[in-house]
Amino acid sequence: MQMTQEATLTTEHALNDRCDYSLITAQTNLVERMEKLEIEADGVVMEVPFRKTKYSAPKPVVFCVSPQFAAEQWQTFLVQLHISKRYGAHLQLYIVSMVESYYKMIKEYEKLGLVSIEPWLTIKFPVTDGPYLEPNRNVELRNQAAAHTDCLLMYKEAVSFVGILDMDDILIPTNANSYYEEFEREYGGSWEISALHYDKFDYRTIKTGDLNTQTISSMVKNARRLKTKDAGKSFLRPERFNSTWSHYSRNSDHKPIFLTPGQNPIYWYKKLVTTNGIFHLKKMDYIDSKKIPGGALPVNPGDNITELISEKHLKEIDEDLKETLLHPDISNLASTLPQSDFYMDIVFSCYNESFYHIRDTKWLYNDITCVNAFDCELPQREDMPCVHSDATYHSGPSMFPITFHYATDSFFSRDIGCYQ
């Protein structure tokens, strides 16, 4: 059986965006048990590789984490993983490049079923029909929106809620025992709420280089709120979206939805959750593991009244972390993990020079600046080997409006280095 359907193209980017490459999603209806997919434009046909969506997931909530590059902040991963696990979310990670020992630790967590990993690839065009702009330098932030959209579509049929966030964006439910409970409460059964949006509050805290004495409570209780805030993140019902941007879907506001044919539509809007906020680990400073201050629980940044997390839950999270770190294949990595910041400081400085200072002075406009830091110079260290995503790259025939380039057989290589 063969069926032909017309596809529609949608984007999460404005037509006047300065980035020359944007996320485009082709949408159409497909047949069940499909074995082959082709695209056609003006008589040119090519087969498109595809994979099936997931129909089950470890948890009813999945957090789609932005692609990691030159990643070394293994303590941040521990905070994100164990807090998310306690409140009922599964982590889906995308990795461009990562310090090898950190990668090995995450792979051990993957073996335990606590995290899923996907290589996130540098964009390459093996064959072109003319000059072209270097794609990685002219796409927004390593094509984050595409990674988040990939994650959304991967889990669309399997989970109740999808979160779009960075590794250092920690969400702790307030007056709820799980993410599912909080998200259901905030949606309240409304068809008009497209997504839940949480403001992102910056914090500075401590960390140590000793894996075997790590506690989440020391990092939480020694956190101090900074005066700055960052762009917030969204958590959504996946059945309402087919794509998303890095902070929220730009299709989430003012979109007409027809619940009944012939009747007036309702209009979607993002709901700002004012009673809670994201605990953003913007800066973590190394200290001696034998000199950790006692600290105290910070207040919830949303209501500024309740505690950020209960002592009971924090104790449960610490016990879970301790038990996990007892696995020999994890504890044996202790001496190999980074003991000081190297890439983090370089990347933060480069990001600040590239676009943070423009944003913070209110001069960041999407039609003037393509938010991208591909030109950041990342020195390589022999004593800090890295893994980097790679694949076999292919180019389809020239087509209009979009020529299809794709990759197969993705893997992680030790021969490339810590680059974007």
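Heads up: the structure comes first, above all this text.
A brief structural summary. (Residues numbered from 1 in each chain as written. Predicted model: local features only at pLDDT ≥ 70, side-chain atom pairs only at ≥ 80, totals over all residues. Heavy atoms only, no water.)

### Side note on a nonpolar patch on the surface
Link 1 in the chain: A surface patch of nonpolar side chains, about 350 Å² in accessible area, is lined by M1, M3 and V31.
Link 2 in the chain: Residue placement: M1 occurs in the segment before β1 (8–11).
Link 3 in the chain: A residue is classified by how much of its surface remains accessible, and M1, at 94% relative accessible area, is exposed. (Patch = residues over 30% accessible without salt bridge, like charges linked within 9 Å, V, L, I, M, F, W, Y side chains within 5 Å. Areas by Shrake-Rupley, 256 points an atom, 1.4 Å probe, with all protein chains shown as cover. Salt bridge = Lys/Arg side-chain N within 4 Å of Asp/Glu carboxyl O. Helix = DSSP H or I, 4+ residues; strand = E, 2+ residues; numbered from the N terminus. Buried < 20%, exposed > 50% of the residue type's maximum accessible area, 1.4 Å probe, protein only.)

### Describing the pairing of strand β5 (residues 61–65)
Link 1 in the chain: With 5 of 5 residues buried, β5 is to be regarded as a mostly interior element.
Link 2 in the chain: What you see with β5 is no split at all: V61, F63 and V65 on one side and V62 and C64 on the other are buried throughout.
Link 3 in the chain: When β5 meets strand β6 (residues 89–95), the two strands line up parallel, connected through 4 bridges. Bridged to V61 within β6 is A89.
Link 4 in the chain: Handedness of the β-α-β unit built from β5, helix α1 (residues 74–86) and β6 comes out right-handed.
Link 5 in the chain: Of the pairings in the sheet, the one linking β5 to strand β9 (residues 161–165) comprises 5 bridges and is parallel in character. Along β9, the bridge assignment pairs F63 with G163. (Pairing = 2+ DSSP bridges. Right-handed = clockwise from strand over helix to strand, strands pointing away.)

### Structural notes on the side chain of N136
Link 1 in the chain: Inspection of the secondary structure puts N136 in the loop between β8 (115–119) and α3 (144–155).
Link 2 in the chain: What N136 contacts, discounting residues up to four positions off in sequence, is T122, I123, N372 and F374. (Contact = heavy atoms within 4.5 Å.)

### With respect to the environment of A146
Link 1 in the chain: One can find A146 in helix α3.
Link 2 in the chain: For the pair A146 and F411, spaced 265 residues apart in the sequence, the C-alpha separation amounts to 19 Å.

### Quick notes on the sheet that holds strand β18 (residues 405–413)
Sheets are built from strands that pair by backbone hydrogen bonding, the pairs being arranged parallel or antiparallel.
Link 1 in the chain: Spatially, the 3 strands line up as an open sheet ordered β7-β17-β18, and their pairing is antiparallel. Among the strands making up the open sheet, the edge pair consists of β7 (97–99) and β18. Geometrically, the sheet is characterised by an average inter-axis angle of 20° between neighbouring strands, direction not taken into account.
Link 2 in the chain: Examined bridge by bridge, strand β17 (residues 386–395) and β18 share 7 bridges and lie antiparallel to one another. For Y393, the partnering residue across the bridge sits in β18 and is A407. (Axes fitted to C-alpha atoms, helices over the stretch in contact; angles between N-to-C directions.)

### Structural notes on the state of the cysteines
Link 1 in the chain: Scanning all chains against the criterion turns up 4 disulfides.
Link 2 in the chain: Between the sulfur of C19 and that of C370 lies a disulfide, 2.0 Å long from S to S. The S-S bond linking C19 to C370 shows a torsion near 100°; that makes this disulfide right-handed. Highlighted residues: C19 in the loop between β1 and β2 (24–27) and C370 in the loop between α8 (343–360) and β17, separated in sequence by 351 residues. Pair check on accessibility: C19 and C370 agree, each one buried. (Disulfide = S-S within 2.5 Å.)

### Considerations on α3
Link 1 in the chain: End to end, α3 covers 17 Å across 12 residues, agreeing with the expected 16 Å (1.5 Å per residue, within 8%).
Link 2 in the chain: Most of α3 sits inside the fold, with 10 of its 12 residues counted as buried.
Link 3 in the chain: Of the residues making up α3, those classed as buried are Q144, A145, A146, A147, H148, T149, C151, L152, M154 and Y155.
Link 4 in the chain: Each element contacted by the buried residues of α3 is listed here: β2, β5, β6, β8, β9 and β12 (224–236). (Expected span 1.5 Å × (residues − 1).)

### Describing helix α4 (residues 179–187)
Link 1 in the chain: Listed in full, the buried residues belonging to α4 are Y179, E182, F183, E186 and Y187. Mapping the buried residues of α4 onto a view down its axis gives an arc of 125°, with all of them on the same face.
Link 2 in the chain: Looking at the residues trailing α4, positive phi occurs at G188, about 60°. (Arc of directions from axis to C-beta.)

### Some points on unusual backbone geometry
Link 1 in the chain: With an omega of 10°, the peptide bond between F400 and P401 qualifies as cis.
Link 2 in the chain: Along the polypeptide, P401 turns up in the loop between β17 and β18.
Link 3 in the chain: Positive phi, normally seen in glycine, also occurs at N143, with a value near 60°.
Link 4 in the chain: Structurally, the position occupied by N143 is in the loop between β8 and α3.
Link 5 in the chain: Residue classification places N143 among the buried residues on the basis of a relative accessible area of 18%.
Link 6 in the chain: Although it is not a glycine, H254 adopts a positive phi angle of roughly 65°.
Link 7 in the chain: Locating H254 in the fold gives a position in the loop between β12 and β13 (256–257).
Link 8 in the chain: We classify H254 as exposed; its relative accessible area is 67%.

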